[in-house]
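What follows is the residue order along each chain.
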Amino acid sequence: MKARVKWVDGMMFVGESGSGHAVVMDGAPEAGGRNLGIRPMEMLLIGMGGCSSIDVVMILKKGREAVTDCVAEIEAERADTEPKVFTKIHIHFIVTGKNLNPVKVERAIQLSAEKYCSASIMLGATAAITHDFEVVEG
């Protein structure tokens, strides 16, 4: 896996993935940025949410659950001093589908957290990560 990050100006950078995709990152105005892109630490949370969500959907589909949507709402707290690592992360999953089995949804989230999601397992080295979920018919 490869990535490249190029400075644009101020505190703005463009990150390019090895798979050919790009994202703009920028700092807050108080850090010299112009607030024109996502913050790098926000990207970590989004990456973790994406990693976990992919796992949950794949596990449910393999289990023949009729999942139609999956949303991960993430809240995090960071340390007050440098390095300002994440100390607490909570992921609330909203999983939608036809007659979903809540036990299977819970198990899919647990498997992602404990076995499959590399991003959350890495972030778990500094942060207490918790999960909950709701199942929506649809």
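That block above? That's the structure.
Read on for a plain summary of the structure. (Residues numbered from 1 in each chain as written. Predicted model: local features only at pLDDT ≥ 70, side-chain atom pairs only at ≥ 80, totals over all residues. Heavy atoms only, no water.)

## Quick word on the side chain of H92
- Topologically, H92 is positioned in strand β5 (residues 86–98).
- A polar contact of 2.5 Å, which involves the side chain of H92, links it to the side chain of D132.
- Those residues in contact with H92 that sit more than four places away from it in its chain are V71, A72, E73, D132, F133 and E134. (Helix = DSSP H or I, 4+ residues; strand = E, 2+ residues; numbered from the N terminus. Polar contact = N/O pair within 3.5 Å; in protein donor to acceptor, adjacent residues only side chain to side chain. Contact = heavy atoms within 4.5 Å.)

## Quick notes on the sheet that holds strand β3 (residues 22–25)
- Spatial strand order, β1-β2-β3: 3 strands in an open sheet with antiparallel pairing. The sheet is open, and its two borders are formed by β1 (3–9) and β3, each paired with just one other strand. Sheet twist, expressed as the mean angle between neighbouring strand axes with direction ignored, is 20°.
- As defined by bridge partners, strand β2 (residues 12–17) adjoins β3 across 4 bridges and the pair is classed as antiparallel. Looking across to β3, one finds that G15 is bridged to V23. (Pairing = 2+ DSSP bridges. Axes fitted to C-alpha atoms, helices over the stretch in contact; angles between N-to-C directions.)

## Observations regarding the nonpolar core
- V56, L60, I89, F93 and V95 are the most contacted members of the largest nonpolar core, which has 19 residues in total.
- Breaking this core down by element, the ones donating at least two residues are α1 (40–62), β4 (66–78), β5, α2 (102–116) and α3 (118–123).
- For this core, the element with the most residues is β5, which contributes 5 residues.
- Dropping the residues within four chain positions of it, V56 is found in contact with C70, F93, A108, I109 and S112. (Core = buried A, V, L, I, M, F, W, Y, C linked by side-chain atoms within 4.5 Å. Buried < 20%, exposed > 50% of the residue type's maximum accessible area, 1.4 Å probe, protein only.)

## Quick look at the layout of surface pockets
- The calculated volume of the largest pocket comes to roughly 380 Å³.
- Lining the largest pocket are 15 residues, with K2, A3, E16, S17 and M43 positioned closest to its centre.
- For the lining of the largest pocket, the secondary-structure elements that each account for two or more residues are β1, β2 and β3.
- Partitioned by chemical class, the residues of the lining of the largest pocket number 7 nonpolar, 5 polar and 3 charged.
- Of the voids in this model, the second largest pocket is the one considered here, and its volume is about 260 Å³.
- What lines the second largest pocket is simply P40, M43, L44, G47, M48, C51, A119, M122 and L123.
- Counting residues per element, the ones that place at least two in the lining of the second largest pocket are α1 and α3.
- Top element by residues in the lining of the second largest pocket is α1. It accounts for 6 residues.
- Here the lining of the second largest pocket is built from residues that sort into 8 nonpolar, 1 polar and no charged. (1 Å grid on protein atoms, 1.4 Å probe; cavity = no way out; pocket = protein on both sides within 12 Å on 5 of 7 lines; lining within 4 Å. Points joined across faces, edges and corners; volume = space filled by probe spheres on them. Nonpolar A, V, L, I, M, F, W, Y, C, P; charged D, E, K, R; others polar.)

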